[in-house]
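Architecture and fold: a report
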4 protein chains.
Amino acid sequence: MIKVGIIGASGYTGGELLHLLANHPQAEVCYITSERAAGQDAGELFPGLYRYNRLKFTPLDEKELPALDIFFLCLPHGKSMAVAKELIKSPVRIVDFSADFRLRAVAEFEKWYNQPHLAPELCNNAVYGLTEIFREQIRTAKLVANPGCYPTSVLLPLIPLLRAGLDISPDIIVDSKSGVSGAGRNPGLNGIFAEANENFSAYKIARSHRHLPEIEEKLNLFASKQIRVTFSPHLLPVNRGILSTIYLSFSNPASDSRITEILELAYQDEPFVRICKPGELPQLTQVQRSNRCDIGIHMYNNGKNAILISCIDNLVKGASGQAIQNMNSLFNLPESTGLPIEGEIV
Amino acid sequence: MIKVGIIGASGYTGGELLHLLANHPQAEVCYITSERAAGQDAGELFPGLYRYNRLKFTPLDEKELPALDIFFLCLPHGKSMAVAKELIKSPVRIVDFSADFRLRAVAEFEKWYNQPHLAPELCNNAVYGLTEIFREQIRTAKLVANPGCYPTSVLLPLIPLLRAGLDISPDIIVDSKSGVSGAGRNPGLNGIFAEANENFSAYKIARSHRHLPEIEEKLNLFASKQIRVTFSPHLLPVNRGILSTIYLSFSNPASDSRITEILELAYQDEPFVRICKPGELPQLTQVQRSNRCDIGIHMYNNGKNAILISCIDNLVKGASGQAIQNMNSLFNLPESTGLPIEGEIV
Amino acid sequence: MIKVGIIGASGYTGGELLHLLANHPQAEVCYITSERAAGQDAGELFPGLYRYNRLKFTPLDEKELPALDIFFLCLPHGKSMAVAKELIKSPVRIVDFSADFRLRAVAEFEKWYNQPHLAPELCNNAVYGLTEIFREQIRTAKLVANPGCYPTSVLLPLIPLLRAGLDISPDIIVDSKSGVSGAGRNPGLNGIFAEANENFSAYKIARSHRHLPEIEEKLNLFASKQIRVTFSPHLLPVNRGILSTIYLSFSNPASDSRITEILELAYQDEPFVRICKPGELPQLTQVQRSNRCDIGIHMYNNGKNAILISCIDNLVKGASGQAIQNMNSLFNLPESTGLPIEGEIV
Amino acid sequence: MIKVGIIGASGYTGGELLHLLANHPQAEVCYITSERAAGQDAGELFPGLYRYNRLKFTPLDEKELPALDIFFLCLPHGKSMAVAKELIKSPVRIVDFSADFRLRAVAEFEKWYNQPHLAPELCNNAVYGLTEIFREQIRTAKLVANPGCYPTSVLLPLIPLLRAGLDISPDIIVDSKSGVSGAGRNPGLNGIFAEANENFSAYKIARSHRHLPEIEEKLNLFASKQIRVTFSPHLLPVNRGILSTIYLSFSNPASDSRITEILELAYQDEPFVRICKPGELPQLTQVQRSNRCDIGIHMYNNGKNAILISCIDNLVKGASGQAIQNMNSLFNLPESTGLPIEGEIV
């Protein structure tokens, strides 16, 4: 059994980890931390997870962490660095949910997150945990930077097209819509029920959301021309899920079947990425509570334009499911061990 | 024009007052206070109400209030007393939204709200602002205690039956369901979107909610036997509305038509209370954004039992609309002036 | 592997069966019928379940059913009888989701469902599939009548109390609230989004819902005095879940700890029933997508009254999960095989 | 008093007309038709509108319509033509909600709506009822084609920019999100509660939605270069509202203040269009149940790109409120007579 610790386990990503790991045949959660829930049982804070009735939250003391096989760090941005710096000294594996180690460009991190990086020396060793793309490096990593939820929904459909050398115009528009759990368990005024319900709004549009540098840095690893993304997130009155509508144009017209073929080939052996049939567009429901990313393709304008639509569950493939997929890789388990493939019917 | 001040205008009841008064032909909001929104325009805080673009929130200083015709106090329980004590010295009329002056029994207030009453001498002069029932006293009142939202939904259907001397068994069960705006704009963890959405729960059931003493005190003004209510509120994943399902039994069987007749007679001239036709049960939608209370009647068990179902919008008939109805009474306007009668179609 | 057929698999209970059985280690769905979806793949109709991409719906011909180990009949009330009559001739096991075999009293069925029973001879052999209560009979049954969703939420908390001989007053009030999926995939006008959303309403209250005779017949198997239930269902704007608020009074006061003790004892070895701790009331979220029933207890009035609150997911413990629990019993598997215990965190 | 008839009054746009006209001081609904609700009172079908308790739906017979001042035709596409053809013979004014008379290009209508036009001779006389833009022609029109809901949200922000001769690149991307009431009261499977709730999806994207030719024809009345729109509608789990995110690029960089200035100037005297302040983006709530269109502006990339975000209530500014604004114009009333300006606070 893999012995698991979760640092910051009282939020939604921590709770989802607990939920998913309850059904993992080869992992066991042994240790969880939380400041606000310190002293409480996990089964008390999350009454849906009552099997954790004897697992208590403790306050975090990064100098006194137990010897386990893996730690998931579910801390806010800027708070993981110090913990990772300590843990990296021991042989434990680390999957970090924050943005602290996602960007290779430390200066970009410092600019976007408005703080000095406390462990810049780790950034180059950290592997970006989009398993389908970086699987090889993940297997031997000590520190995995789990991707952001929006980036996951954008990178999975686009990287294979860039890798295939298609003549994509470098200006890409991404219009994303996310459920409210993406804002966490302290969401501020916009996230309270009566404000978010029956409402819909855009925020931090164009070039202002912190996931933008992450999206661009990773896309540009695979692009021949410098990609520049217009990224417009919106707040959707649902609990879970991200749907990204991605607008592409091609300098040389591409055919519908060519795009489909590239994506199908890229993901043919992947349990967690599904390319929709021609004419089919994915809906949020079908990926909710699953670790899947479903991708629909619509070509128009004689092959000069394409719309890609991708759907994920922000708490699963966009966070905790992805992290477990990474854990499975780190420990040489089949990647789908303990992970839900089916989405919802309703 | 009636010159209106609103103390504590940045919450939902204050915002709803602003919304409703924007369409009142004979009242004008001149003054609004808020601590958190001090310095902001009302139209900025509530972008739906942009006609208030030049009305600024000021912090509350009860010693320096301007001379107006009426003040609405939209403050938390326990905070109105001090302001009312000051205002009562001037000729202004006061409608208080808090519980501070709803109970005649000061000791009950102190027990349920767990604090000493700062102005017990005003409790006897304050008139309980359920206009349909206490209209005569309201007209000449200086201080009106606007009813709680749950009590409004319970008192309107029950008082006429008690007044008619029906032989109602004194144990009454009220199973109420309220939308989330009832918890205000700082609702705590239970009121954040991802917790309340797709969820439903009971809270403070049986004999533990603070609206219970208010319901019982007012019912017992009209009852021949001491009424004792089992009151179970539930949190409903909608923005607005309360539906109360009220279970009655009769020592002497009553007929369906008798109950209907009493209620229809009681409210035949009331614009804001509607008795449903036989077989019809009211739904939340039909009273949302209206100042109405709709009441459905279902008799069974050969007249030995009845279920009454009442619906209101907690922010309108349950708060701000009711307050304006009281203002209209205080200033001898037709009671429905500026108030919405129609509910929603969708 | 248990070979499974599902008759009427294109609705919500059929879809949920497919979803749950996809993770059952010892059962395999081999055959599914549907009229409206005939010719389609299950993975096409339910794109969340794409692993069923090669399983086609066929139209139902009850004379030409394949030889399998078990059939689940997910047909409307009145439609199962004919199919069961045919299947009963073969050695296959049957779990019927309709009301056709739930009532021992055939006359009651004919009255409430307004049609003659086509297979009255089977009613006495059918076992009522509330596994926790009728486990012994289920193990050897040929035909299991899967309980209604509302009855499940009422019977699980009440039967142990009746069985313990507590002096419960025979008039019991049940105020139930159900998510919209309970109305199926052709819900009529009330079930379309813009009508149900932001709405809430009661329907078929007091003595008029078809689940009433089912509740009363089963309760009275365990009661010393004839129980008479006032049952008021309400339509809740959520996808899944039933919360029932049950009002009891006792002729002889009972203590909080006594009630808790009886229920805890009754369910101490049950994986799918959880008695809440003192002071805790269950919420819908915690049982959604789980096969659990959580029960909260609140005593008041010096032990003369109790409120029990029970929560289930209407599609899981209230339908398809319960059916699989029954299948596990029928085939001598551990009852929890392949069934979710954890509810949602969000 | 303007005497009003509504043809097809039992759907959402008809119901919303009834709701709004109940508060119109100079109009009176005298006649309503519906096939499915024939014989019922409007107040029975829409229990929120109980003041219409004595107004009965009659089946439509276009040969026997009463002599009134104005008819609103709330019929499905393809059904208005025959009625308009009859009504045009009398002196009555007509506001048609369908697409039948929106396009000048009859061939386009026939292609997109897949049927021959029965009254092509009326298409040139019909005036497109976007009041802010075509007010002059509307005043004297006999037949007003009320705009589609999506087009309203796109045309109001874009027409002033085109009219100002800005060098807008002709490829415009519009990513729109609409509440479910836009699909009407017979929405099909996608519109039932359990399918639409907690879900989100794109449909008829790029060049396939019927509102596309309407958007392009009207934009091109004001464009120097042929505009070509990529239009992607999405289904949003809210009752009401459309938010359109519009992506523009400029051949010559424009400044933020220039765009703002043009839009502010265009709408400075309009009660129903509001240009947001710099940095402010509109949200759905603030226009719900109001006749307003709020528009936010975000420039980036050194003036080479802009995102415009517009919000309307699809049933008010996108349908019935717009129609009343047109009626007010037709009868020389102030355009805002009887129309709500304030949106929701919650």
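Because the structure is a prediction, the values reported are computed rather than measured. (Residues numbered from 1 in each chain as written. Chains lettered and ligands numbered in written order. Predicted model: local features only at pLDDT ≥ 70, side-chain atom pairs only at ≥ 80, totals over all residues. Heavy atoms only, no water.)

**Some thoughts on the overall build of chain A**
Secondary structure summary: chain A contains 11 helices and 14 strands in total. Taken against the 2.2 N^0.38 rule, which gives 20 Å for 346 residues, the C-alpha radius of gyration of chain A at 20 Å falls within 12% of a compact globule. The principal-axis extent of the C-alpha atoms belonging to chain A is close to 60 × 45 × 40 Å. When each of the 346 residues of chain A is scored for burial, the buried share is 68%. Roughly 11300 Å² of accessible area belongs to chain A as shown, and the carbon and sulfur atoms make up 49% of that amount. Side-chain charges of chain A comprise 33 positive and 36 negative groups, with the mean position of each set lying 1 Å from the other. (Helix = DSSP H or I, 4+ residues; strand = E, 2+ residues; numbered from the N terminus. Rg over C-alpha atoms; globule rule 2.2 N^0.38 Å. Buried < 20%, exposed > 50% of the residue type's maximum accessible area, 1.4 Å probe, protein only. Areas by Shrake-Rupley, 256 points an atom, 1.4 Å probe, with all protein chains shown as cover. Lys, Arg positive; Asp, Glu negative; His and termini not counted. Charge placed at Lys NZ, Arg CZ, Asp CG, Glu CD.)

**Focus on the pairing of strand β10 (residues 228–236) of chain C**
Residues and elements named next belong to chain C. The buried fraction of β10 is high, at eight of nine residues. The pairing of strand β8 (residues 171–179) with β10 spans nine bridges and is classified as parallel. Looking across to β10, one finds that I172 is bridged to V229. In the sheet, strand β9 (residues 201–202) pairs with β10 via two bridges, with the strands oriented antiparallel. Residue pairing across strands places S201 opposite L235, the latter belonging to β10. (Pairing = 2+ DSSP bridges.)

**Details of the relation of the copies chain B and chain A**
Take chain B, turn it by 180°, move it 0.0 Å along the axis, and it overlays chain A with an RMSD of 0.0 Å. The symmetry that links the two subunits is that of a two-fold axis. Same-surface contact between copies: 100% of interface residues of chain B are shared with the interface of chain A. (Least-squares fit on C-alpha atoms with pLDDT ≥ 70 in both. Contact = heavy atoms within 4.5 Å.)

**Brief notes about the interface of chain A and chain D**
The interface of chain A with chain D comprises 40 residues on the first partner and 40 residues on the second. A combined buried area of about 3200 Å² lies between chain A and chain D, and 57% of that area is made up of carbon and sulfur atoms. Our count for the contact surface shared by chain A and chain D stands at two salt bridges. A salt bridge links D175 of chain A to K177 of chain D; its shortest N-O distance comes to 3.1 Å. Between chain A and chain D we count 26 residue pairs in polar contact (both at pLDDT 80 or more) in total. At the level of elements, β8 (171–179), α8 (193–196), β9 (201–202), β10 (228–236), β11 (242–249), β13 (293–300) and β14 (305–312) of chain A are the ones that each hand at least two residues to the side of chain A that touches chain D. Element by element, the count of residues in the side of chain A that touches chain D is highest for β10 of chain A, at five residues. Tallied by class, the residues present in the side of chain A that touches chain D amount to 20 nonpolar, 13 polar and seven charged. (Buried area = accessible area lost by both parts, 1.4 Å probe. Salt bridge = Lys/Arg side-chain N within 4 Å of Asp/Glu carboxyl O. Polar contact = N/O pair within 3.5 Å; in protein donor to acceptor, adjacent residues only side chain to side chain. Nonpolar A, V, L, I, M, F, W, Y, C, P; charged D, E, K, R; others polar.)

**Here's the deal with helix α10 (residues 256–267) of chain D**
All names here are of chain D. Over its 12 residues, α10 runs 17 Å from end to end, which matches the ideal 16 Å to within 8%, given 1.5 Å per residue. If you check which residues of α10 are buried, you get I259, T260, I262, L263 and Y267. Taken down its axis, α10 places every buried residue within 160° of arc, on the same side. In this structure, the buried residues of α10 make contact with α6 (131–139), α7 (149–163), β12 (273–275) and β13 (293–300). (Expected span 1.5 Å × (residues − 1). Arc of directions from axis to C-beta.)

**Describing the pattern of salt bridges**
A complete count under the given rule lists 103 salt bridges over all chains for this structure. Here R51 of chain D makes a salt bridge to E342 of chain B, at a shortest N to O gap of 2.5 Å. Residue R51 of chain D is found in the loop between α2 (42–45) and β3 (57–58), and its partner E342 of chain B is found in the segment after α11 (316–330); the two belong to separate chains. Overall, R51 of chain D belongs to the partly exposed group, its relative accessible area being 44%.

**Here we look at the environment of L263 of chain A**
Residue and element names in this part refer to chain A. Note on placement: L263 falls in helix α10 (residues 256–267). A relative accessible area of 0% places L263 in the buried class. Separated by 106 residues in the primary sequence, L263 and P157 place their C-alpha atoms 7.4 Å from one another. Among residues more than four places away in sequence, those in contact with L263 are L156, P157, P160, L161, I275, I295 and I297.

**Considering the sheet that holds β8 of chain A**
Residues and elements named next belong to chain A. As summarised here, the arrangement of the seven strands in space is β9-β10-β8-β11-β14-β13-β12, forming an open sheet in which the pairing is mixed. Edge strands, defined here as strands with exactly one partner in the open sheet, are β9 and β12 (273–275). Most of the contacts of α10 go to β13, to which it runs at about 165°, and overall it touches β12, β13 and β14. (Axes fitted to C-alpha atoms, helices over the stretch in contact; angles between N-to-C directions.)

**Describing the domain arrangement of chain A**
All names here are of chain A. The domains assigned to chain A are domain 1 (2–125) and domain 2 (150–314). Put simply, the middle of domain 1 and the middle of domain 2, counted by C-alpha atoms, are 27 Å apart. In this complex, domain 1 contributes 15 residues to the contact, which on the side of domain 2 involves 15 residues. In total, about 1300 Å² of surface goes out of reach between domain 1 and domain 2, with carbon and sulfur atoms giving 50% of it. The tally of links from domain 1 across to domain 2 stands at two salt bridges. The shortest N-O distance in the salt bridge between E16 and R240 comes to 2.6 Å. Inspection of the region where domain 1 meets domain 2 yields seven residue pairs in polar contact (both at pLDDT 80 or more). (Domains from an automatic or database assignment.)

**A closer look at the interface of chain B and chain A**
Counting residues at the interface gives 17 residues for chain B and 17 residues for chain A. Note on chain B versus chain A: buried area summed over both sides is about 1400 Å², and carbon and sulfur give 59% of it. When residues of chain B are sorted by the area they lose upon contact with chain A, I192, F193 and N239 of chain B head the list and together hold 43% of the total. Taken together, chain B and chain A are joined by two salt bridges. Across the salt bridge formed by E195 of chain B and R185 of chain A, the nearest N and O atoms sit 3.1 Å from each other. It is helix α8 (residues 193–196) of chain B that contributes the most residues to the side of chain B that touches chain A, four residues altogether.

**Here's the deal with the packing of aromatic side chains**
Taken as a whole, this structure holds 26 aromatic pairs over all chains when the rule is applied. A centroid spacing of 6.4 Å and a plane angle of 90° characterise the contact between Y31 of chain A and F71 of chain A, whose relative ring orientation is edge-to-face. Taken as a pair, Y31 of chain A in strand β2 (residues 27–33) and F71 of chain A in strand β4 (residues 70–73) lie far apart in primary sequence, 40 residues in all. The exposure classification of Y31 of chain A matches that of F71 of chain A, with both residues buried. With a centroid separation of 5.9 Å and 90° between ring planes, the pair formed by Y128 of chain D and F134 of chain D is classed as edge-to-face. Using a relative accessible area of 8% as the deciding quantity, one classes F134 of chain D as buried. (Phe/Tyr/Trp six-rings, centres within 6.5 Å; stacked < 30°, edge-to-face > 60°.)

**Here we look at the side chain of D175 of chain B**
Mapped onto the fold, D175 of chain B is located in strand β8 (residues 171–179). Judged by its relative accessible area of 0%, D175 of chain B falls in the buried class. There is a polar contact of 3.1 Å between the side chain of D175 of chain B and the side chain of K177 of chain C. Separated by 2.6 Å, the side chains of D175 of chain B and Y247 of chain C make a polar contact. Those residues within four positions of D175 of chain B in sequence are excluded, and the remaining contacts are S232, H234, L243, S244, T245 and Y247 of chain B together with D175, K177, T245 and Y247 of chain C.

**Comments concerning the relation of the copies chain A and chain D**
When chain A is fitted to chain D, the best match, at an RMSD of 0.0 Å, comes from turning it 180° and sliding it 0.0 Å along the axis. Most of the interface of chain A is mirrored in chain D, where 100% of its interface residues are also at the interface.

**A short note on helix α4 (residues 106–113) of chain A**
Residues and elements named next belong to chain A. Along α4, the residues that are buried comprise V106, F109, W112 and Y113. In an axial view of α4, the angular spread of the buried residues amounts to 135°, which keeps them on one side of the axis. Turned more than 90 degrees from where α4 packs its buried face, A107 and K111 sit exposed. Contact partners of the buried residues in α4: α3 (80–87), α5 (120–123) and α9 (211–220). Backbone geometry just downstream of α4 places N114 in the positive-phi region, at approximately 60°.

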